[in-house]
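Structure at a glance
The chain contents come next:
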Amino acid sequence: NMIQHTLETDEDELLQVEVAAPLIAAGIADRKPDVVVVDPLKDFTFGDLNQDRDMLAVVQELKRLAKAGDPKRVPFFLHHAITGKMGALRAVGHDRASFGRNSKVLLATMRAQINVAPIDGENNDRLIVSCGKNNNGREFKPFAVELNTLPGTPGYMIYELIPGFDVERWKEE
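Residues numbered from 1 in each chain as written. Predicted model: local features only at pLDDT ≥ 70, side-chain atom pairs only at ≥ 80, totals over all residues. Heavy atoms only, no water.

**What about helix α2 (residues 52–67)?**
Defined as follows: Secondary structure elements are taken from DSSP: a helix is a run of H or I of four residues or more, a strand is a run of E of two residues or more, and numbering for both begins at the N terminus. Multiplying 1.5 Å by the residue count of a helix minus one yields the expected span of that helix. With a 1.4 Å probe rolled over the protein chains alone, any residue whose accessible area is under 20% of its type maximum counts as buried; one over 50% counts as exposed, and the rest are partly exposed. Here the arc refers to the set of directions running from the helix axis out to each C-beta atom. Working rule for contacts: check all heavy atoms of both residues, and any pair within 4.5 Å makes them a contact.
With 16 residues, α2 should reach 22 Å at 1.5 Å per residue; the first-to-last C-alpha distance of 22 Å fits that figure. Every buried residue of α2 is listed here: D54, M55, V58, V59, L62, L65 and A66. Buried residues of α2, viewed axially, fall in a sector of 130°; they line one side. Where the residues of α2 are buried, they touch α1 (17–31), β1 (35–38), β2 (74–77) and α4 (103–109). Positioned one or two residues after α2, G69 has a phi angle of 85°, which is positive.

**Quick look at the packing of aromatic side chains**
So the rule is basically this: Here is the rule: rings of Phe, Tyr and Trp (six-membered ring for Trp) pair when centre to centre is within 6.5 Å. Planes less than 30 degrees apart are stacked, more than 60 are edge-to-face, and the remainder are tilted.
A complete count under the given rule lists one aromatic pair for this structure. Seen from their ring centres, F140 and F143 are 5.8 Å apart, and the 50° between their planes marks the pair as tilted. Given a relative accessible area of 34%, F140 falls into the partly exposed group.

**Comments concerning a nonpolar patch on the surface**
Filter applied, for reference: Each patch is built from salt-bridge-free residues with over 30% relative accessible area, joining like charges within 9 Å and nonpolar side chains (Val, Leu, Ile, Met, Phe, Trp, Tyr) within 5 Å. For every accessible area listed, the method is Shrake-Rupley and the probe measures 1.4 Å; residues are considered covered only by the protein chains on display. The term salt bridge refers to a pairing of a side-chain nitrogen on Lys or Arg with a carboxyl oxygen on Asp or Glu at a separation within 4 Å.
A surface patch of nonpolar side chains, amounting to about 380 Å² of accessible area, comprises V35, V37, V74, F76 and L78. Broken down by secondary-structure element, the contributors of at least two residues to the nonpolar patch are β1 and β2. On the secondary structure map, V74 appears in strand β2.

**Brief notes about the pattern of salt bridges**
All chains considered together, the criterion is met by seven salt bridges. Between R53 and D54 there is a salt bridge; the shortest N-O distance is 3.7 Å. We classify D54 as buried; its relative accessible area is 14%. Linking E139 and R96 is a salt bridge whose minimum nitrogen-to-oxygen distance equals 2.8 Å. In this pair, E139 sits in the loop between β4 (126–134) and β5 (143–149) while R96 sits in the loop between α3 (84–89) and α4, placing the two residues 43 residues apart along the sequence.

In short, shape yes, function no, at least from these values alone.
Below is the structure:
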């Protein structure tokens, strides 16, 4: 039950909302999804996402497009945070709400935020998942997941909980 816009030409990834809004709106109106995922946010942008004015304009326009025709439709944004060890540490603790780039605008405009960061710098097979914000409920405690592939089934990949992972110890290390 998922429809995905795929990249078939070099221009397909340039979905700047100010240019592609009619195409995005037509695709949403045509398929009437319950959730519209924007991945990654930077590919739909115009201006400079480091500037509050530009980030706010992009987020508001994408939310408007997603909810057109169905105010209950969920706009779901995937956005990158600061890279490196210090960026990963911001996924948890006091800085968890400032995890994403231009977090001030995101914090003010999003209902919830889930942070995902690598446990180590070598790969993304093991990840920390934490709650940066939740307007309609309690925040969940950070937890860790690990990528599991099933031998003999090409393409099978699922992240599974790492039982007993010590997030506090990870932060200290």
